[in-house]
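Results of the structural survey
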Amino acid sequence: MYDMLFRNVNIADGSGAAAVRGSVAVKDGIISICSSDESAQRVIDGDGLYLSPGFIDCHSHGDKVYGKDYGLLCKTAQGITTEVCGQCGSTLFPVDEEKPDLGSCTSFSRFIEYAEGLPHTANYLQLVGHSALRKYAMGYDERPASAAELEKMKVFLADAMDHGALGMSSGLIYSPSCYAEKEEIVELLKVVAPYDGLYTTHMRNEASGLVESVRESIDSAAEAGVRLNISHHKVCGKDNWGKSAETLRLIEEAGSRLKDVWYDFYPYLASCTSLNVCLPKAALNRGLDAMREDLKNPDIRRAYAEELISMDGRFSQCGGGKGIFIAMADELPQAVGRTLSDYADSVGKTDCEALFDILQYCKAPLAMYFTMGDEDLARIASSPRAVVGSDGLVYSRCGMTHPRGYNAFPQALDYMWRQKGLMTMEQAIAKMTSVTAAHLGLKTKGLIRPGFDADLLLFDADTIAPGGSYTDPTGLPKGIEMVVNGGVVVYENGALTGAAPGRFIANPRK
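Residues numbered from 1 in each chain as written. Predicted model: local features only at pLDDT ≥ 70, side-chain atom pairs only at ≥ 80, totals over all residues. Heavy atoms only, no water.

**Here we look at the overall build of the protein**
In plain terms, the rule: The secondary structure listing takes helices from DSSP runs of H or I that are at least 4 residues long and strands from runs of E that are at least 2 residues long, numbered from the N terminus. For the radius of gyration, the atoms used are the C-alpha atoms, and the globule rule reads 2.2 Å times the number of residues raised to 0.38. Here's how the labels work: a residue is buried when its accessible area is under 20% of the maximum for its type, exposed when over 50%, partly exposed in between, all with a 1.4 Å probe on protein chains only. Contact definition: two residues touch when any of their heavy atoms are within 4.5 Å. Throughout, the Shrake-Rupley method with a 1.4 Å probe supplies accessible areas, and for residues the shown protein chains are the sole cover considered. In this tally, Lys and Arg are treated as positive and Asp and Glu as negative; His is ignored, and so are the chain termini. Just so you know, the charge point we use is NZ for Lys, CZ for Arg, CG for Asp and CD for Glu.
Of the regular secondary structure elements, the protein holds 16 helices and 21 strands. Here the protein has a C-alpha radius of gyration of 22 Å; the compact-globule value for 510 residues is 24 Å, and the two agree. On the principal axes, the C-alpha backbone points of the protein span a range of 75 × 50 × 45 Å. Burial statistics for the protein: of 510 residues in total, 62% are counted as buried. Once local pairs closer than 6 in sequence are excluded, the contacts in the protein between residues at least 24 apart make up 76%. When the accessible surface of the protein is totalled, it reaches about 18300 Å², and 50% of it is carbon and sulfur. The averaged location of the 66 negative side-chain charges in the protein is 1 Å from the averaged location of its 50 positive side-chain charges.

Printed below as a string of structure tokens:
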């Protein structure tokens, strides 16, 4: 007898082929294809519903909220059963003094031990963050690493790779990762290479320097001999729209130089990250506390304001404060849910002054940046090297954030299939399942095949859609009936079941 039987479902098997009507059984967490009259402990009559593999989130910040109820819900409610964490150079290890609950996570294995003690509804792979390595070895110093400091980073990274890390991520727009030259990145990636590891990068520039940053990413991976995943590929700033044609050409050409190269994207025209990225990078070279102290100085504020207006940064890419939407500012709640310009007007200040106020008084302000064009997004989504990543930063069940945190995958399906007609529903599903699994080396995930893991998603193709928006970002997706991970139902009837079968997946290519 089987554990579960999905009877009379439309099977979108993850390959991109047209769905076929049939039945799928599960035994001991493994998929079987069977007839509809087989017996099972639980039979689900899926007449009219679709069954696909669970989605694989290629770009997750879920490690920031491991074990939190909203951290589980935001992923599982949108059909994600596996996620790749530790992105953009930021990880909670080596030791982060602001996270005392982590104990003494002075090694990758200690962090995984901590993580495995928490409930997970999705499986997870884990990268090592370059910014975290730099802080561990040399703090926020704006300079090249010394030989001793680089060696300290290498030793930690090698130990992490020995214990199953997938590879290294960089956040070359963020402090202190942004202070590293390409040579430092390559030297660290050479540690990753013997493990057939992955380099995933938030590039140095996604606006006027976009093309050059793609070249740097490709060259770094080629010199070190690693696989490359370009994070949340996008084109920022109206003056740069159209450059995706060139970046995609470069990425395709790189396929002959690299072991593998791909990129992830999210299907929205606004990005989301810390508000401090608006500042000149030198403003952060002594850490966040020093930055807040500096903003008390009117002369420093005036200098920063002049630079913000002239430099190619998030502020200018958004056309000023009218394109910056404040998503989180706990200490100044009156700013949340408004554009920076709207908030500035309400307090009788310039956009720059309002920005500096928020950065000075708020510990972790978050903003959405409306910088992208739809033509680039459609082109980026259509490439065969594109997969989907949520890039979600979720810190509560009902607070403001980017809607991608709860809705990236239903939104991607809706965008690629319904809104734009870029591909069939089944082809869109393949980008979120088998294509991602193949790039990551997950040999038993991403397809509905006999012997594959029973990571499954039951949904209504007529109603599946995002349930959140920019002004109501935490609304749950529509049309998702059930999510199964490893043969265990983790989401049903619009809620988590309480089961937590998710586990750490060590580098499958090691």
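Back to the write-up after that little detour.
**Section: the environment of V336**
Among the secondary structure elements, V336 is positioned in the loop between β15 (324–328) and α11 (340–346). On the basis of relative accessible area, V336 is assigned to the partly exposed category, the value being 27%. On a C-alpha basis, the gap between V336 and G399 in space is 9.7 Å, while along the polypeptide they are 63 residues apart. Apart from residues lying up to four places away in sequence, V336 is in contact with I326, A327, M328, A329 and M400.

**Some words on the pattern of salt bridges**
To keep it simple, the criterion reads: A carboxyl oxygen of Asp or Glu within 4 Å of a side-chain nitrogen of Lys or Arg is what we treat as a salt bridge.
Counting across every chain of the model gives 37 salt bridges. Among the ionic pairs, K259 bridges to D196, the shortest N-O distance being 3.3 Å. Placement of K259 in the loop between α7 (244–254) and β13 (261–265) and of D196 in the loop between α5 (182–192) and β11 (198–202) is noted, with a sequence separation of 63 residues between them. Each of the salt bridges in this network shares a partner with another, and the network as a whole consists of R215, E246, R249 and E253.

**Observations regarding the nonpolar core**
Rules: Residue types Ala, Val, Leu, Ile, Met, Phe, Trp, Tyr and Cys, when buried and joined through side-chain atoms within 4.5 Å, form a set referred to as a nonpolar core.
Counting 88 residues, the largest nonpolar core has V128, L157, M168 and M416 as the members making the most contacts within it. The leading source of residues in this core is helix α14 (residues 404–419), at seven residues. Leave out the neighbours within four places in its chain, and L157 touches V128, L133, M168, L188, V191 and V192.

**As for the packing of aromatic side chains**
The description of an aromatic ring pair uses the distance of the two centres, along with the angle that the planes make with each other. Which entries qualify depends on this criterion: To pair, rings of Phe, Tyr and Trp, with the six-membered ring standing in for Trp, must have centres within 6.5 Å; the planes then decide the type, stacked if under 30 degrees apart, edge-to-face if over 60, and tilted in the middle. The criterion for a charge sitting over a ring is simple: Lys NZ or Arg CZ within 6 Å of the ring centre, and within 35 degrees of the ring normal.
Tallying each qualifying case throughout the model produces 14 aromatic pairs. Measuring from centroid to centroid gives 5.4 Å for F55 and F409, while their planes differ by 20°, and the two rings are stacked. Separated by 354 residues along the polypeptide, F55 in strand β6 (residues 55–57) and F409 in helix α14 bring together distant segments of the chain. An aromatic cluster is built from Y66, F93, F108, F111, Y114, Y124, Y136, F156 and F504, whose rings are joined through pairwise contacts. Just above the ring of Y136 sits the side chain of K152; from NZ or CZ to the centre is 4.6 Å. Seen from the ring of Y266, R404 lies directly overhead, with NZ or CZ sitting 4.4 Å from the centre.

**A few points about unusual backbone geometry**
The phi torsion of most residues other than glycine is negative, and most of the peptide bonds are trans. Of note, the amide linkage connecting F93 to P94 takes the cis form, showing an omega dihedral of -10°. Turning to its location among the elements, P94 is positioned in the loop between β7 (80–85) and α2 (108–116). For the bond running from S175 to P176, omega is 0°, close enough to zero to count as cis. Counting through the fold element by element, P176 comes out in the loop between β10 (167–171) and α5. The phi dihedral of C88 is positive, around 60°, even though this residue is not glycine. Inspection of the secondary structure assignment puts C88 in the loop between β7 and α2.

**Things to note about the sheet that holds β6**
We count it as follows: Strands pair, by our definition, only if DSSP identifies at least two bridges between them. The axes are straight lines fitted to the C-alpha atoms, using for helices just the contacting stretch, and the angles between their N-to-C directions are given from 0 to 180°.
One open sheet accounts for three strands, arranged β6-β7-β8; its pairing is parallel. Lying at the two open borders of the sheet, with one neighbouring strand each, are β6 and β8 (123–126). Across the sheet, the mean angle from the axis of one strand to that of its neighbour is 15°, orientation sign disregarded. Pairing geometry for β6 and β7, over three bridges, is parallel. Bridged to I56 within β7 is T82.

**Re helix α1 (residues 69–76)**
Across the eight residues that make up α1, a large majority, seven, are buried. The complete set of buried residues in α1 reads Y70, G71, L72, L73, C74, K75 and T76.

**A short note on the side chain of D453**
Structurally, D453 is set in the loop between α16 (434–440) and β18 (456–459). Other than its neighbours up to four places away in sequence, D453 contacts G29, I30, I31, T444 and K445.

**Digging into the pairing of β8**
The alternating pattern of β8 places N123 and L125 and Y124 and Q126 on opposite faces, both of which are buried. The pairing of β7 with β8 spans four bridges and is classified as parallel. Looking across to β8, one finds that E83 is bridged to Y124.

These figures come from the coordinates and say nothing about function on their own.
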